[in-house]
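# Structure assessment
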Amino acid sequence: MSKQSIPQKSPVAESPHRHISFTAHYTGYIWFQEGISHPVLASSKGRFLAKMVSPLESWAELIIGDSMRSTLRQRHQLIDRQLDRFLAAYPDAQVLEIATGLSPRGWRYRQKYPDLIYVEADLPDMAAAKRSALMQIENPQPRIEAVDLFGEGFQQLLSTFDESKPLVIISEGLVNYFTKDMLHNLWTQLATGLRRFKVGIYLTDIYPEPVTRRLGRLIWQSSKLLRIMSRSAFAFHFISPVEIIDAMKQAGFSDIQVFQPAFENSNSVENSDAENQKTKHLGDLVWVIEAKA
C-alpha cells in the first residue's frame, strides 16, 4: 500500500494590520467610532482595545475631565482646523503627513480637496498596510511612502515636492514617543527641509507634563506603563508653551503658536486669557503646535 499523503493545512490569512502597534490600532478605531474614518482603517484588534478600555475612559472623563479618546478628538480637530485655514490661504499648498498609522486624515482631505497633493509616509510595514487598505477605497491610488524619518530617505522624499509651492508637514501622536534629543533632531530635519519651500509650516500635537491636573501623578505613572507596552521612550518633555517655543526655535523654526483646547473652545476670550495661552499651562492634556520655517 502506498503511504497516504499528510493533508497540508491551508495557509492562515494574514491580517493586513499585523505590523501595526497597539496604539495605532486603538487610535484608528476611535477615529472610526467618531465617524471620521472608514471601516478599512478600523481593525478588529482596535475594536477589542476600545471595548476593553472604554470603562476606564469613562471613569477618566468623569474624574479627571479627560481621557485618551477625548484628547484624540481634541488634537485631531485642532490640527484639521489649522490645516483648513492654511489651505484657504494657500490653495496651491501640498501636504505631507508623517507617521500616519491608521489616521483617516489623508483619505478625508483627498475627498474634500480633489486637486490637493496629500502624501502619507510611515515605516515600511505600516506604509504597506496603509497602502493596501486605501487601495480598496481610493482611485487613483494615493501616495503612501515608506521612509525612516531619521534617514537620508526623508530629505529625498521632500525633494519630490514642488519647492515653488507651500508645503505643510503634519505629525500626530508621534513626538512624545521620542527622547528629547531625538525630538530635537527630528524638528531640526523638518525645519531644514521646510525652508526650501515658498512657505513651510509644521503642524503637530504634543502632550505636556500634566502638572496642573487632578490625579496628575496617576497620569504620569500611566505614561510609564505606555512606555513599556509600546517599547518606546514615551515621555512628557515640556511644562509650558514657552519651553516648547524655545525648543522649536533652537531647531530652526520661527513664528510658533501653541493652541490649548481650554482656550480655543472658550466662548468668551479675554486679552489676559490670550496672553496666558502663550505662556502658561492651562490644564489640557494635549496641545497643538503650528510652526513656520
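Please refer to the structure higher up on the page.
Report on the accompanying structure. (Residues numbered from 1 in each chain as written. Predicted model: local features only at pLDDT ≥ 70, side-chain atom pairs only at ≥ 80, totals over all residues. Heavy atoms only, no water.)

### Description of the overall build of the protein
The cut-off we apply is this: Helix numbering and strand numbering both begin at the N terminus, where a helix is a DSSP run of H or I of at least 4 residues and a strand a DSSP run of E of at least 2. In this description, contact between two residues means that some pair of their heavy atoms is separated by no more than 4.5 Å. Each accessible area is a Shrake-Rupley result for a 1.4 Å probe, and residues are judged covered by the shown protein chains and nothing else.
Helices and strands together make up the secondary structure of the protein, namely 11 helices and seven strands. Expressed as a percentage of contacts within the protein between residues at least 6 apart in sequence, the contacts between residues at least 24 apart total 72%. Total accessible area on the protein stands at roughly 15100 Å², and carbon and sulfur atoms take up 54% of it.

### Brief notes about helix H5 (residues 124-134)
Heads up, the rule is: Accessible area is worked out with a 1.4 Å probe on protein chains only. A residue is then buried under 20% of its type maximum, exposed over 50%, and partly exposed in between. What the arc describes is the spread of directions from the helix axis to the C-beta atoms.
Taken as a whole, H5 has its buried residues at Met126, Ala127, Ala129, Lys130, Ala133 and Leu134. Down the axis of H5, the sector holding all buried residues measures 165°, keeping them to one side. Elements that come into contact with the buried residues of H5 comprise helix H4 (105-112), strand S2 (117-122) and strand S3 (144-146).

### Observations regarding unusual backbone geometry
Note that the residue after Asn139, namely Pro140, is joined by a cis bond; omega there is 10°. Structurally, the position occupied by Pro140 is in the loop between H5 and S3. One non-glycine residue, Ala99, lies in positive phi territory at about 50°. Relative to the assigned elements, Ala99 resides in the loop between strand S1 (94-98) and H4. A positive phi is found at Asp255, a non-glycine position, where the angle reads about 50°.

### Side note on the nonpolar core
Under the convention used in this document: Here, nonpolar core means buried Ala, Val, Leu, Ile, Met, Phe, Trp, Tyr and Cys residues that are tied together by side-chain atoms lying within 4.5 Å of each other.
Counting residues in hydrophobic clusters, the biggest one holds 36 residues, and the most contacted among them are Leu96, Ile169, Trp187 and Phe253. Looking at this core element by element, the count peaks at six residues for helix H7 (residues 180-194). Excluding residues within four positions of it along the chain, Leu96 makes contact with Val119, Ala121, Phe154, Leu157, Leu158, Phe161, Leu167, Val168, Ile169 and Ile170. By size, the runner-up hydrophobic cluster in this structure holds 17 residues, among which are Ile79, Leu83, Phe86 and Ala93.

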